[in-house]
4 protein chains.
Amino acid sequence: MIVVLKEKTEQSQLDNLITWLESMGLSIHASEGQNSRILGLIGDTSAVDIDLLKALEIVEDVKRIQEPYKNANRKFHPADSIIDVSGVKVGGGNFNIIAGPCSIETDEQICFVAQSVKDAGATMLRGGAFKPRTSPYSFQGLRDEGLKLLLKAKKATGLPVVTEIMDLSHIHLFEEVDVIQVGARNMQNFELLKEIGRLHKPVLLKRGLANTLQELLMSVEYIMAGGNNDVILCERGIRTFETATRNTLDISAIPMLKKMTHLPIFIDPSHAAGIASLVKPLSLAAVAAGADGLMIEVHNDPPHALCDGAQSLTPEAFKEVVETVNKIRPYACKY
Amino acid sequence: MIVVLKEKTEQSQLDNLITWLESMGLSIHASEGQNSRILGLIGDTSAVDIDLLKALEIVEDVKRIQEPYKNANRKFHPADSIIDVSGVKVGGGNFNIIAGPCSIETDEQICFVAQSVKDAGATMLRGGAFKPRTSPYSFQGLRDEGLKLLLKAKKATGLPVVTEIMDLSHIHLFEEVDVIQVGARNMQNFELLKEIGRLHKPVLLKRGLANTLQELLMSVEYIMAGGNNDVILCERGIRTFETATRNTLDISAIPMLKKMTHLPIFIDPSHAAGIASLVKPLSLAAVAAGADGLMIEVHNDPPHALCDGAQSLTPEAFKEVVETVNKIRPYACKY
Amino acid sequence: MIVVLKEKTEQSQLDNLITWLESMGLSIHASEGQNSRILGLIGDTSAVDIDLLKALEIVEDVKRIQEPYKNANRKFHPADSIIDVSGVKVGGGNFNIIAGPCSIETDEQICFVAQSVKDAGATMLRGGAFKPRTSPYSFQGLRDEGLKLLLKAKKATGLPVVTEIMDLSHIHLFEEVDVIQVGARNMQNFELLKEIGRLHKPVLLKRGLANTLQELLMSVEYIMAGGNNDVILCERGIRTFETATRNTLDISAIPMLKKMTHLPIFIDPSHAAGIASLVKPLSLAAVAAGADGLMIEVHNDPPHALCDGAQSLTPEAFKEVVETVNKIRPYACKY
Amino acid sequence: MIVVLKEKTEQSQLDNLITWLESMGLSIHASEGQNSRILGLIGDTSAVDIDLLKALEIVEDVKRIQEPYKNANRKFHPADSIIDVSGVKVGGGNFNIIAGPCSIETDEQICFVAQSVKDAGATMLRGGAFKPRTSPYSFQGLRDEGLKLLLKAKKATGLPVVTEIMDLSHIHLFEEVDVIQVGARNMQNFELLKEIGRLHKPVLLKRGLANTLQELLMSVEYIMAGGNNDVILCERGIRTFETATRNTLDISAIPMLKKMTHLPIFIDPSHAAGIASLVKPLSLAAVAAGADGLMIEVHNDPPHALCDGAQSLTPEAFKEVVETVNKIRPYACKY
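In short, a report on the structure.

Definitions and limits used
- Residues numbered from 1 in each chain as written.
- Chains lettered and ligands numbered in written order.
- Predicted model: local features only at pLDDT ≥ 70, side-chain atom pairs only at ≥ 80, totals over all residues.
- Heavy atoms only, no water.
- Helix = DSSP H or I, 4+ residues; strand = E, 2+ residues; numbered from the N terminus.
- Buried < 20%, exposed > 50% of the residue type's maximum accessible area, 1.4 Å probe, protein only.
- Contact = heavy atoms within 4.5 Å.
- Areas by Shrake-Rupley, 256 points an atom, 1.4 Å probe, with all protein chains shown as cover.
- Buried area = accessible area lost by both parts, 1.4 Å probe.
- Salt bridge = Lys/Arg side-chain N within 4 Å of Asp/Glu carboxyl O.
- Polar contact = N/O pair within 3.5 Å; in protein donor to acceptor, adjacent residues only side chain to side chain.
- Nonpolar A, V, L, I, M, F, W, Y, C, P; charged D, E, K, R; others polar.
- Least-squares fit on C-alpha atoms with pLDDT ≥ 70 in both.
- Pairing = 2+ DSSP bridges.
- Axes fitted to C-alpha atoms, helices over the stretch in contact; angles between N-to-C directions.
- 1 Å grid on protein atoms, 1.4 Å probe; cavity = no way out; pocket = protein on both sides within 12 Å on 5 of 7 lines; lining within 4 Å.
- Points joined across faces, edges and corners; volume = space filled by probe spheres on them.
- Phe/Tyr/Trp six-rings, centres within 6.5 Å; stacked < 30°, edge-to-face > 60°.
- Parallel < 35°, antiparallel > 145°, perpendicular 65-115°, else oblique.
- Left-handed = near helix turned anticlockwise from the far one by under 90°.

Regarding the overall build of chain A
Each helix and strand in chain A was counted, giving ten helices and 14 strands. Reported as C-alpha extents along the three principal axes, the dimensions of chain A are approximately 75 × 45 × 40 Å. For chain A, with 335 residues in total, the buried portion stands at 66%. Residue pairs at least 24 apart in sequence account for 67% of intrachain contacts in chain A once pairs closer than 6 positions are excluded. About 11200 Å² of surface is accessible on chain A, with carbon and sulfur atoms providing 49% of the total.

Examining the interface of chain C and chain B
Counting residues at the interface gives 25 residues for chain C, matched by 25 residues for chain B. Both faces combined, the contact of chain C with chain B buries some 1900 Å², and carbon together with sulfur accounts for 62% of it. Measuring nitrogen to oxygen at the nearest pair gives 2.7 Å for the salt bridge that ties K75(B) to E60(C). Run the count over chain C and chain B and you get five residue pairs in polar contact (both at pLDDT 80 or more). When residues of the side of chain C that touches chain B are traced back to their parent elements, those giving at least two are β1 (2-5), β2 (27-32), β3 (37-42) and β4 (59-63) of chain C. It is β2(C) that provides the largest number of residues to the side of chain C that touches chain B, a total of four residues. By residue class, the composition of the side of chain C that touches chain B is eight nonpolar, nine polar and eight charged.

Looking at the relation of the copies chain C and chain B
With an RMSD of 0.0 Å, the fit of chain C onto chain B corresponds to turning through 180° and sliding 0.0 Å along the axis. The transformation just described matches what one would write down for a two-fold rotation axis. Proximity to the rotation axis, assessed at the C-alpha, singles out F241(C) in chain C; its C-alpha lies 2.5 Å from the axis. A shared interface surface links the copies, since 100% of the contact residues of chain C are contact residues in chain B too.

Quick word on the interface of chain A and chain B
Interface size is often expressed as the accessible area that is lost when the parts come together. The partner chain B presents 49 residues to the 49 residues of chain A that form the contact. The junction of chain A with chain B conceals about 4100 Å² of combined surface from both sides, 53% of it contributed by carbon and sulfur atoms. The largest share of the area that chain A buries against chain B comes from Y137(A), E191(A) and R239(A), three residues that together contribute 16% of it. Connecting chain A to chain B are 20 residue pairs in polar contact (both at pLDDT 80 or more). Taken together, the elements giving at least two residues each to the side of chain A that touches chain B come down to α2 (50-55), α5 (190-197) and α6 (213-225) of chain A. For the side of chain A that touches chain B, the element with the most residues is α6(A), which contributes five residues.

Thoughts on the sheet that holds strand β1 (residues 2-5) of chain D
Residue and element names in this part refer to chain D. Spatial ordering of the open sheet is given by β2-β3-β1-β4, a layout of four strands whose pairing is antiparallel. This sheet does not close on itself; its edge strands, each paired only once, are β2 (27-32) and β4 (59-63). Between one strand axis and the next, the sheet turns through 20° on average, direction left out of account. Bridge count between β1 and β4: four bridges; the pairing is antiparallel. Residue I2 lies in a different strand from β4, and its bridge partner there is K63. Together, β1, β2, β3 (37-42) and β4 form the strand contacts of helix α1 (residues 11-23), whose direction differs from that of β3 by roughly 15°.

Digging into empty space enclosed by the protein
Applying the stated rule across the entire model yields nine cavities of 30 Å³ or more. Counted as a void, the largest cavity has a volume near 310 Å³. Forming the walls of the largest cavity are 32 residues, and the residues nearest its centre are I2(B), I38(B), I2(C), S31(C) and I38(C). Secondary-structure elements contributing two or more residues to the lining of the largest cavity are β2 (27-32) and β3 (37-42) of chain B together with β2 and β3 of chain C. Of the residues in the lining of the largest cavity, the class split is 14 nonpolar, 16 polar and two charged.

A short note on the packing of aromatic side chains
Per the stated rule, a full pass over the model turns up eight aromatic pairs over all chains. Ring geometry for F130(A) and F174(A): centres 6.2 Å apart, planes at 25°, overall stacked. Here the residue F130(A) occupies a position in the loop between β8 (124-126) and α4 (144-157), and F174(A) occupies one in the loop between β9 (161-165) and β10 (179-182), the gap between them amounting to 44 residues. The residues F130(A) and F174(A) share a single accessibility class, namely buried. Here F190(B) and Y222(B) contribute two aromatic rings whose centre-to-centre distance is 4.7 Å and whose plane-to-plane angle is 25°, an arrangement assigned as stacked. Here F190(B) is found in helix α5 (residues 190-197), whereas its partner Y222(B) is found in helix α6 (residues 213-225), with 32 residues between them in sequence. Assessed through its relative accessible area of 1%, F190(B) is described here as buried.

Concerning the environment of Q109(C)
Residue and element names in this part refer to chain C. For Q109, the location among the structural elements is in helix α3 (residues 107-120). Among the residues examined, Q109 registers a relative accessible area of 4% and is labelled buried. Put simply, Q109 and G146 are 37 residues apart on the chain and 11 Å apart in space, counted from C-alpha to C-alpha. Once residues lying within four places of it in the same chain are set aside, the contact partners of Q109 are P101, S103, I104, H299 and N300. Among the polar contacts made by the side chain of Q109, one reaches the main-chain amide nitrogen of E105 at a distance of 2.7 Å.

Describing the sheet that holds strand β12 (residues 231-235) of chain D
Residues and elements named next belong to chain D. With respect to topology, eight strands assemble into a closed barrel ordered β7-β8-β9-β10-β11-β12-β13-β14, the strand pairing being parallel. Shown here is a sheet whose adjacent strand axes are inclined to one another by a mean of 30°, direction ignored. In the sheet, strand β7 (residues 96-100) pairs with strand β14 (residues 293-297) via five bridges, with the strands oriented parallel. If you follow N96 over to β14, its bridge partner there is G293. In this fold helix α7 (residues 253-260) packs onto β12 and β13 (265-267), with an angle of close to 165° to the strand it touches most, β13.

A closer look at the packing of α3(C) against helix α4 (residues 144-157) of chain C
Two numbers describe a pair of packed helices, the interaxial angle and the distance between the axes. Residue and element names in this part refer to chain C. Two elements in contact, α3 and α4, have axes separated by 9 Å at closest approach and are oriented at 40°. By the angle between their directions, the pair α3 and α4 is classed as oblique. For α3 against α4, the interelement crossing comes out right-handed. Each of D107, I110, C111, A114, Q115 and K118 in α3 lies in contact with α4, whose residues at this interface are L149, L150, K152, A153 and T157. In terms of residue class, the contact of α3 with α4 is made up of six nonpolar, two polar and three charged.

Topic: the relation of the copies chain A and chain B
The transform that puts chain A on chain B rotates by 180° and translates by 0.0 Å along the axis, for an RMSD of 0.0 Å. Both copies present the same face, since 100% of the interface residues in chain A are matched by interface residues at the equivalent positions in chain B.

In structure tokens:
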């Protein structure tokens, strides 16, 4: 970490600063530029509060040299992490597709879709029981009841299931769920992340709509700091000024995250675009760029889906996407 | 609501659509343009799912004519709402300043700051007990203990207190708190909003970093739909590509929200900029533009604050801000 | 176009509005909603000034039903446009790669790179003579002299050349250039677009860093309205709050533009990321999603390039990208 | 400037780098961190190409310590610049209002508005002759003819005039214009900036819709590097995801630019919001925050203005804004 000092600095203030920094276990390396004077902080700076340093009267600016995340950092764990989801291997060259309806609606619906996506090549089943909806007047999910139906479909098909948690008070309901999904709006729900960090269960963490990749990895740090290392990352579109698509899929997140972290990276083309006809091109793009997996919404009757019908594929369209994905996979980027 | 149909539409599909819309209590008004055919939906469309409609094969686009929020809409409640915070009137021409430290640190600190800001003209006390921090290695707040200290400062000064809730499982701890703050990162934590909607206690709802004003009012709708009408809005900066300031204060939010809603609007200049020297200019700007109040971070010893020291004012600097604010207030915009 | 009227509207004002709209050749279809009254404007509304309408005292809002662009609109020209670039066919199923250095530096450099990229499979040569640089202290390009070197490389290799124009006063220098590139910062330089609209020469128009797809097509409209229909679109990354990459490649622009327009769409992965190691994954992604072509920076000695070295590939790395692109192409999305 | 090296660096490569940096007149200060090795570059680094450095194989990251702009930097010119606009002093505590119509339409219109705004307190007249419009089908301005009418209004009222240039080929037409305006879309039209840098005439440079404050000052650097120091900055709203207003006025730009530069800062509330009723609150906010001036659109008959009528004030409304501005000015922030 580099601390840039203001031009006119009293020696006593500088001495105080150095003493304080040294008390945190850091060694200090001072040097003089043409118009500035800088301090290099040497040691573990991940716990140093940049805002606090910047607030000091004699400090002009502070610049990080090292990333503030440790557990997720590929520098300290060069090999890909491979996560075991009830027997299904995720990451490290394994490719997986999570598919299923946005919302769980009925017994028949979830079981039918589950079997269809399994037949088409999906390796995990998704389905929403608790639904974050912008409007209180929209369908909010079947909640506890939905979870039960999902577990029924799990039993019927043998597919591990992925479903979203919306509040930490629901955590006891997720015991038989294979992967707990933390949605984009909860990416910085730190109380929830801490609680999940104490579990022994894989987590799929979605990137927030306006969050950077570094912030995503800081949220991972909350989970891993608690002892849970089984985190799958998921890019699902970020907010930009473009209005033709619901969000903008950040395809560069794949190669960038592959540099930054050893964790597996999934892409959710359904939420990124919000338009069914874009799911195929975005899926192929994600696979070509080297994603570890896809998460795709599939519904038996998209126009009558209780939520997000606009972005769901029919089982037939999904099958075709999987087939093309498999043709492209041999040529996909590797990291 | 206007539904634009695709050019080639089979009559039977159109009939089905019209029947379905009518079953929702809407009446339909069809008309023909040069290159398009449109349906006008007449009636209460706030529960119509736009995404669902857009997903239909024969629909090209859907456009809302009416706002999707009702309870917060000024059209249906032209008069300003005035909220009673333990005797302090908020909104409707009343002006209030909430001030206090980012984090509650010790008994002495919170009581000293509370008394200072009261003397300078603050009408409510803020102080964080549960702190949302990007890094798990940063100070997370004194939590339950912090709440107790805050209530002590309330008793000592008589100032109503405002403090942030981070999870609905903590709600029982907030009984004696006068205003529950929902932070920017929780603006779309719908489970929390629903729970708060069931309380009889004023709420200060901060706008999310990447949320539109309409989305802010949809989150209000979650609270008001539960029966709690005492909502204070707070703009605290949005995320843009500008990096010189931490966030970008959206000053236009004041006049726009005044048009859209009858609820009071506060500005938090401390979080918006993240820089103490910007608090005064942004405070004066907010007051001139007609804000109902300010929320300002004040700390007795900003450089040693346990969090967000960079944006805190000293009690002396705060006093000077309040004095200038009071000089400008007579000329501020009114709505 | 739909005009939403304010609730309280005097009949005389409404009559005036209707008369005025009819004088523009539009027919008016009025209808009444529950809380609103709307006018449907039927006819060619592309010349109607929405801002002007919104300014009228009795108007609450205006919503477009039809796109404001005509010449580029796929609705009116369903078949793909195929553009002839000095014998090379662009669009309509043809795939092309434009490659070459960011800046033209010397005779040897441009000829060496030109021959390398031709051998590797590039079908057009790029090279910057006029360089838009953020700092006046950075290298600004060889200008006229650079254009001459580029034309020499064209003669030597037979590759058509693409190079950027920075001001309309330079237009006479571009006579032998095969494709005139309009850079992202000039996407809304309307005087330049009008002038280029009068030429009979293919244009490669880059999307601005903060522009929507619709705005891109409105800029195309400036060119096509002048009679020049040979426009190639190029997505090169948009500005977001993400800082790990220089810009964010909007991969969804490919399928969206394919719906909106009949013009060919290229992707520039070099500028989008600003990082050489991201060029391959982004290129593969673009091809899989169905782009009509790529524009890639290649330099014989990237670390010593006079500009943008960070994002240039070596000829060897470029060759490998082309080879993988060709393996993926058979499975790419088609529109 | 700080260069962070990759962990595994060959000594010979490092020696080459140091030799090269020293050849640019810089001295090098190497130091070792826990997980990294850094070089401090001491001397004038404004001409060092960061991208080039980052491209080197042994470099992990590069961080600027000093700002890349010099002439506009307040560090090197602590006193406010005062610009003489045909006798009117701008900056350094002087407050000015530029007012007038978006477009010049007729002799009577521009002379009437000019006299009205002068009577109300405006000190300069604005009026557009060349209009940048998103659609080629919208009114493009009276061009040369418009400039003549503007100069007529200047003669009639004695007000200095400000008008926008759209291309450097028009520069000869601007001889009698007092301030040349460079619009937001041309902020990075570097050829135009260079040409204007050679003139002896004040320039009003608007911030681009998606540009940072540092980029604004780099564009100023283009003008000042040519010898023209008379630059007035103008913030006119940036693009965000908010759609209720046309753009988002970045009010923090005032205090931030006051720190960064010695040049005067104006605010254009008309373009920032695009809504007439927001002009007053945004004007008052700008004045309170310490802007050196305002630029406001005024039209005798806003609903029938040929462009941007939605954001124009009537002369009466403008008069009221000026009166309130004058009441707030004594309490405005000073820098």
